[in-house]
Amino acid sequence: MNYELSARPLPLAAPGYPPRTTWIEVSRGALAHNLHLLRSRLAPSTQLMAVVKANAYGHGAAETARILQTAGADRFAVATLSEAVELRQAGIRRPILVLGYTPAWHSELALAHAITLTVFEVETAAAMHAVARDSGRRIPVHVKVNTGMNRLGVRPAEAPALLTALTAFNGLDVEGIFTHFATSDEMDRSHAEAQFVCFRDLLETLAAAGLRPPLAHAANTAALLTMPHTHLDMVRTGIALYGLDPDREQCVLPVDFRPALAWKAIVTYVSDLKPGEAVSYGREFIASRPLRTAIIPVGYADGFPRRPQTWSSVLIRGQAAPILGRVCMDQTVVDVTDIEAQTGPVVQGEEVILIGQQGTASISAEVASMWVGTNNYDIVSRILARVPRIYVD
């Protein structure tokens, strides 16, 4: 059999040739733009804490934090101490709060990197204090209050006693107190309002006793947008920084926000499928007619869902290319039969869009989340680190 090189040159997938044939593009401009939109809704005295946990919701924590620091974020929040250390090593100098539980034996690491920790019970706080006291330094801490989320946090009735106990720990600097809303992204915000009333009453009690920390914060992204009376001394915003809706049905972003992330790939192979032939593991898809298929180098080890529901389709030439059969660990097969019928042969190297825009067509994280049966937070946060992030203007 004679093989001839195609006379048609393979399209360039992306400027700079990314290190893999699938990659994430993150817009610096969109991140800065979204932060400025959020800042415009705040009083000048209200600080903005940018939440960059879970690898900045899949956008790449280190570079995203650098972009947001330059754009004016006052502080950062993460879920774990290791995430905070990563930011310090990336050159982030603004205060960083670990929102989750940090065991006392990590206190030395927190001290070494000037990380702010969350406390909600006296035993761990006392152990942190002992480590800090022995080193001659202080650990900044924020007290987490459970007003109705019912995860971490001291109960409001017990908070004054905890704050009183903390005053005896000179190894700790109690600079903040916060709570978290369970339903601020829903149309019915009665529970969130009740939570805020509970928190506000606690703050008044603490202030009267001389125990109120300087920074009180309650508002997440949804509350920042819809409950301005909850802004207090600081707001914590995550999902809107990335241009994504807090809830696709009940809390949609204003139209001037811009999604920051696009997920792209290239076609790696194109072939024919005969009637009766199957695709991928388990032979779950069997062709009933002649088809043209394309392989994309994306699989469930990249965070592309395998089961029970898949992405449905990707974009090639601004048209839907449906997924065929099971998504594999590193590859997925898509149907390009109709695309070729309209616009000619699909070739190796052509651009594929998993999230983003191509021509006049687009696939948003919200649309993908409906296909998969989850939310947009899950869609972008599940994209694994092995997919390279490229930052564009």
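Please refer to the structure higher up on the page.
So, a few notes on the structure that sits alongside this text. (Residues numbered from 1 in each chain as written. Predicted model: local features only at pLDDT ≥ 70, side-chain atom pairs only at ≥ 80, totals over all residues. Heavy atoms only, no water.)

## Some details on a nonpolar patch on the surface
Right, on to step 1. Residues Tyr101, Trp105 and Leu152 make up a contiguous nonpolar surface patch of about 380 Å² in total accessible area.
Right, on to step 2. With respect to the helices and strands, leucine 152 occurs in the loop between β6 (139–144) and α7 (159–166).
Right, on to step 3. Judged by its relative accessible area of 30%, leucine 152 falls in the partly exposed class. (Patch = residues over 30% accessible without salt bridge, like charges linked within 9 Å, V, L, I, M, F, W, Y side chains within 5 Å. Areas by Shrake-Rupley, 256 points an atom, 1.4 Å probe, with all protein chains shown as cover. Salt bridge = Lys/Arg side-chain N within 4 Å of Asp/Glu carboxyl O. Helix = DSSP H or I, 4+ residues; strand = E, 2+ residues; numbered from the N terminus. Buried < 20%, exposed > 50% of the residue type's maximum accessible area, 1.4 Å probe, protein only.)

## Quick look at the side chain of asparagine 376
Right, on to step 1. Along the chain, asparagine 376 turns up in helix α12 (residues 376–381).
Right, on to step 2. Under the relative-accessibility criterion, asparagine 376 is labelled buried at 3%.
Right, on to step 3. If we skip the residues at most four places from it in the chain, asparagine 376 touches Ile239, Leu244, Asp245, Ala365, Glu366 and Ser369. (Contact = heavy atoms within 4.5 Å.)

## Points about unusual backbone geometry
Right, on to step 1. Despite not being glycine, alanine 114 shows a phi value in the positive range, around 55°.
Right, on to step 2. Within the secondary structure, alanine 114 sits in the loop between α5 (107–112) and β5 (117–119).
Right, on to step 3. Classification of alanine 114 as partly exposed rests on a relative accessible area of 49%.
Right, on to step 4. In this model, arginine 283 sits at a positive phi of 50°, which is unusual for a non-glycine residue.
Right, on to step 5. Within the fold, arginine 283 resides in the loop between β12 (278–279) and β13 (285–286).

## Observations concerning the layout of surface pockets
Right, on to step 1. Taken as a whole, the largest pocket encloses approximately 710 Å³ of empty space.
Right, on to step 2. Contributing to the lining of the largest pocket are 34 residues, with Lys53, Tyr57, His180, Asn220 and Tyr377 lying nearest its centre.
Right, on to step 3. Mapped by element, the contributors of at least two residues to the lining of the largest pocket are α2 (53–57), α9 (221–226), β9 (234–237), α11 (365–372) and α12.
Right, on to step 4. In the lining of the largest pocket, the residues fall into 13 nonpolar, 12 polar and nine charged.
Right, on to step 5. Computed from the structure, the second largest pocket encloses a volume of approximately 270 Å³.
Right, on to step 6. Taken together, 17 residues line the second largest pocket, and the ones lying closest to its centre are Pro259, Leu261, Gly356, Gln357 and Ile363.
Right, on to step 7. Of all the elements in the fold, those that place two or more residues in the lining of the second largest pocket are β10 (261–266), β18 (351–358), β19 (361–363) and α11.
Right, on to step 8. Residue composition of the lining of the second largest pocket, by class: 10 nonpolar, five polar and two charged. (1 Å grid on protein atoms, 1.4 Å probe; cavity = no way out; pocket = protein on both sides within 12 Å on 5 of 7 lines; lining within 4 Å. Points joined across faces, edges and corners; volume = space filled by probe spheres on them. Nonpolar A, V, L, I, M, F, W, Y, C, P; charged D, E, K, R; others polar.)

Function-wise, these values are silent; they only describe arrangement.
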